[in-house]
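Now for the letters of each chain:
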Amino acid sequence: WVANYVVMGYGTGVVQCVPAHDTRDYEFAKKYALPIPQVIAAPGGHESWHPEDGDKLHDGMGWEEVAGDKIYVGDGTLVDSGPDTGLHSADAREKITARLAAAGQGRHKVQFRLRDWLVSRQRYWGAPIPMIYCDAACGLVPVPEADLPVLLPEDVEFRPAGDSPLTTSDTFMSVPCPKCGKPARRETDTLDTFVDSSWYFLRFLSPKDATRAFDGKLADKWLPVDQYIGGVEHAILHLLYARFITKVLADLGYVNFREPFMHLFTQGMITKGGVKMSKSKGNVVSPDALIKRYGADTSRVYTLFIGPPEKDAEWSDAGVEGAFRFLNRFWRLAEPRLELMRWVNTGAPLPELGIKALELHRASHKTIARVTTDFAEFKFNTAVAALMELVNAISLDANDTPIEHAVGSDRGWAMGEALRTLTVLMAPVAPHVAEEVWQRVAGGGAGDTVFRAGWPVADPAALVAETELIVVQINGKLRAKLDLPADLDQVSVEREARENPKIQAMLEGKTVRKVIHVPHKLVNIVSS
């Protein structure tokens with residue numbers, strides 16, 4: 001098919017067609033009644049999709065609306081993709097391209113774009129450009145190294161219009177020519193401040209070194225930076241320039257690495273009333289007022305819980321109240337049960353756990369695993385959600401276990417372990433409350449800080465689920481949920497799904513075209 005549009009990202013040539021997972025291709029295929037095969041299953045509870053159900057899909061991350069239909073355009077698990085079925089789409093792209101390259105049918109290619117960078121500015125702020133103009137005979141002359149760095153003058157006049165403010169300083173402008181000694185003048189442009197921010201991480205290692213810009217040995221020891229965090233606007237210019245300058249320095253032999261930052265995480269913005277928070281708009285929420293009313297921990301918990309940190313998030317005063325209630329629940333659970341936490345802290349051996357105690361023990365270790373992973377991946381909102389779920393689990397158990405009967409019992413041990421675990425996991429999120437609880441456990445503040453307690457490690461045995469929830473769909477619609485043994489193979493899972501009475505009734509008189517199985521998650525039966 002020859003389409004009547006140009007894809008700027010591709011330029012000329014063949015464009016791959018994925019109508020089920022690309023808004024433009026989907027619209028094109030619908031108009032010309034072309035087949036729309038699904039090849040990527042979305043993560044979550046609605047992985048399967050069928051063209052007939054395009055207008056009835058769930059909303060969620062990765063879904064886009066096209067002409068009233070919802071299609072999934074994000075990454076997921078490959079389905080109906082031959083030998084690549086079951087692979088994550090990001091891994092599949094690499095493997096498919098490598099296979100094409102090996103067969104001589106394709107290859108990896110990097111597209112480069114050139115971008116102009118004007119480094120000079122007609123203003124005061126910025127690094128002075130160390131050049132001197134000699135009108136006598138020498139022309140443009142660099143400032144001698146012994147006279148570096150050139151500092152900005154302080155005797156300048158800032159005018160609303162006209163030349164650079166530097167021209168108003170005679171002490172700065174009038175200098176002798178370094179070559180012939182005759183009267184000369186300095187360059188009045190300054191370097192764009194992006195030039196400075198493009199190598200500041202090098203200077204941070206030796207900020208007081210008056211003989212060189214940076215210490216190369218220290219740079220090679222400590223750099224590149226392991227993790228860079230900044231707003232999305234930094235990714236457009238600052239990071240581009242930092243990479244460029246680092247590569248130049250590497251080519252010149254000043255550093256032994258070519259990339260300044262190993263990992264990048266771009267954070268979203270906080271909005272209020274649909275607009276970005278800013279002083280100019282007058283919609284900034286003062287942290288001082290929040291801290292005075294709720295405490296610093298509440299502000300911290302809510303900010304982390306408000307949403308995925310890489311996405312923009314809308315501020316809600318009601319959400320702040322929710323974070324405050326959560327911290328109060330934690331305190332009300334922990335404060336009367338300090339003795340249980342002390343008991344576990346003594347290193348008491350794990351007692352024989354009954355069903356209820358075992359459930360809480362497993363909940364504690366599942367929370368350790370989730371929070372540890374989420375912190376490492378910057379998923380602070382889901383980490384806080386996991387802590388809230390553990391508080392709920394502890395609350396349910398606390399209702400059935402009187403405090404006076406808890407010490408010495410299996411449920412008391414599980415309760416003490418859960419509260420101790422929760423306190424340590426809470427420390428990065430709510431440091432003041434967690435530290436207060438920890439000090440009380442130690443007895444009158446005589447103990448060590450919670451931040452030296454050591455991060456808990458999840459017990460693998462406690463993470464093994466005996467059963468798992470399998471979602472059963474017919475043509476992409478949820479029809480049943482099965483609680484099945486976690487070690488069942490694919491054939492057994494599909495058999496359980498098809499033999500479910502509710503599913504059998506819905507399939508009666510219909511033909512099963514295919515069965516899509518996403519391991520440990522769902523079975524989707526496509527019928528007609």
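Located above this text is the structure these notes cover.
Note that the structure is predicted; figures quoted are calculated from it, not measured.

A. Seen up close, the overall build of the chain. Secondary structure assignment for the chain yields 19 helices and 20 strands. The 528 residues of the chain split such that 39% are buried. Summarising the internal contacts of the chain: among those between residues at least 6 apart in sequence, 59% fall at separations of at least 24. For the chain, the exposed surface amounts to about 31,200 Å²; the carbon and sulfur share of it is 56%.

B. Spotlight on the nonpolar core. The biggest cluster of nonpolar side chains holds 54 residues, and the ones touching the most others in it are Val301, Phe326, Leu387, Ile394, Leu422 and Met426. Mapped onto this core, the elements with two or more residues apiece are α9 (287-294), α10 (296-305), α11 (317-334), α12 (338-345), α13 (355-376), α14 (380-400), α15 (410-426) and α16 (431-442). Apart from residues lying up to four places away in sequence, Leu387 is in contact with Phe326, Thr367, Val371, Leu422, Leu425, Met426 and Val429. In this structure, Phe214, Ala242, Val255 and Phe257 belong to the second largest nonpolar core, which totals 14 residues.

C. Focus on unusual backbone geometry. Here the residue pair Leu148 and Pro149 is connected by a cis peptide bond, since its omega of 0° sits within 30 degrees of zero. Turning to its location among the elements, Pro149 is positioned in the loop between β8 (139-142) and α3 (170-173). The omega torsion of the bond from Leu223 to Pro224 falls at 5°, within 30 degrees of zero and hence cis. Relative to the helices and strands, Pro224 resides in the loop between α6 (216-222) and β12 (225-231). In the Ramachandran plot, Ala33 falls in the positive-phi region, its phi being about 55° despite a non-glycine side chain. By the element assignment, Ala33 lies in the loop between α1 (23-31) and β1 (40-41). A positive phi angle, near 65°, is found at Phe378, a position not held by glycine. Mapping Phe378 onto the fold places it in the loop between α13 and α14. By relative accessible area, which is 16% here, Phe378 ends up buried.

D. Molecular detail of the packing of α10 against α11. Contact pair α10 / α11: the axes reach a minimum separation of 8 Å and the direction vectors enclose 115°. Crossing handedness for the pair α10 and α11: right-handed. Residues Asp297, Thr298, Val301 and Tyr302 of α10 form the contact with α11, whose own contacting residues are Gly319, Val320, Ala323, Phe324, Phe326 and Leu327. Of the residues that constitute the contact of α10 with α11, the class distribution is 7 nonpolar, 2 polar and 1 charged.

E. Seen up close, the packing of α12 against α16. The interhelical angle for the contact between α12 and α16, taken along N-to-C directions, is 70°, at an axis separation of 9 Å. With respect to each other, α12 and α16 are oriented roughly perpendicular. When α12 is examined against α16, the residues Leu338, Met341, Arg342 and Asn345 are found in contact with a partner set consisting of Val437, Trp438, Arg440 and Val441. Of the residues that constitute the contact of α12 with α16, the class distribution is 5 nonpolar, 1 polar and 2 charged.

F. The arrangement of the sheet that holds strand β7 (residues 131-134) in detail. Here 4 strands make up an open sheet; going across it, the order is β8-β7-β10-β9 and the pairing antiparallel. Every other strand in the sheet has two partners, leaving β8 and β9 (174-176) as the edge strands with one partner each. Across this sheet, the average inter-strand angle for adjacent strands is 40°, counted without regard to direction. Sheet topology places β7 next to strand β10 (residues 183-186); 2 bridges connect them, and they run antiparallel. Bridge pairing in β10 links Ile132 to Arg186.

G. Fine view of a nonpolar patch on the surface. A cluster of nonpolar side chains, namely Phe244, Val248, Leu252 and Tyr254, defines an oily patch on the protein surface of about 430 Å² accessible area. As for its position among the elements, Leu252 is in the loop between α8 (238-251) and β13 (261-267). Exposure remark for Leu252: the relative accessible area of 58% places this residue in the exposed category.

H. Main features of the pattern of salt bridges. Counted according to the given criterion, the structure contains 21 salt bridges. Where salt bridges share partners, they join Arg121, Arg123 and Asp192 into one cluster.

I. Geometry of α14. Under the 1.5 Å per step criterion, the end-to-end length of α14 is 31 Å for 21 residues, consistent within 8% with the ideal 30 Å. Of the positions making up α14, those classed as buried are Asn381, Ala383, Val384, Ala386, Leu387, Met388, Leu390, Val391, Ile394, Ser395, Asp397 and Ala398. The inward-facing, buried residues of α14 abut α10, α11, α13 and α15.

J. Summary view of the sheet that holds strand β6 (residues 127-128). With respect to topology, 3 strands assemble into an open sheet ordered β5-β11-β6, the strand pairing being antiparallel. Strand pairing shows two members of the sheet lacking a second neighbour, β5 (120-121) and β6, which therefore form its edges. With 2 bridges joining them, β5 and strand β11 (residues 190-191) adopt antiparallel strand pairing. By the bridge assignment for β11, Arg121 is matched with Thr190.

Analysis parameters
Residues numbered from 1 in each chain as written. Predicted model: local features only at pLDDT ≥ 70, side-chain atom pairs only at ≥ 80, totals over all residues. Heavy atoms only, no water. Helix = DSSP H or I, 4+ residues; strand = E, 2+ residues; numbered from the N terminus. Buried < 20%, exposed > 50% of the residue type's maximum accessible area, 1.4 Å probe, protein only. Contact = heavy atoms within 4.5 Å. Areas by Shrake-Rupley, 256 points an atom, 1.4 Å probe, with all protein chains shown as cover. Core = buried A, V, L, I, M, F, W, Y, C linked by side-chain atoms within 4.5 Å. Axes fitted to C-alpha atoms, helices over the stretch in contact; angles between N-to-C directions. Left-handed = near helix turned anticlockwise from the far one by under 90°. Nonpolar A, V, L, I, M, F, W, Y, C, P; charged D, E, K, R; others polar. Parallel < 35°, antiparallel > 145°, perpendicular 65-115°, else oblique. Pairing = 2+ DSSP bridges. Patch = residues over 30% accessible without salt bridge, like charges linked within 9 Å, V, L, I, M, F, W, Y side chains within 5 Å. Salt bridge = Lys/Arg side-chain N within 4 Å of Asp/Glu carboxyl O. Expected span 1.5 Å × (residues − 1).

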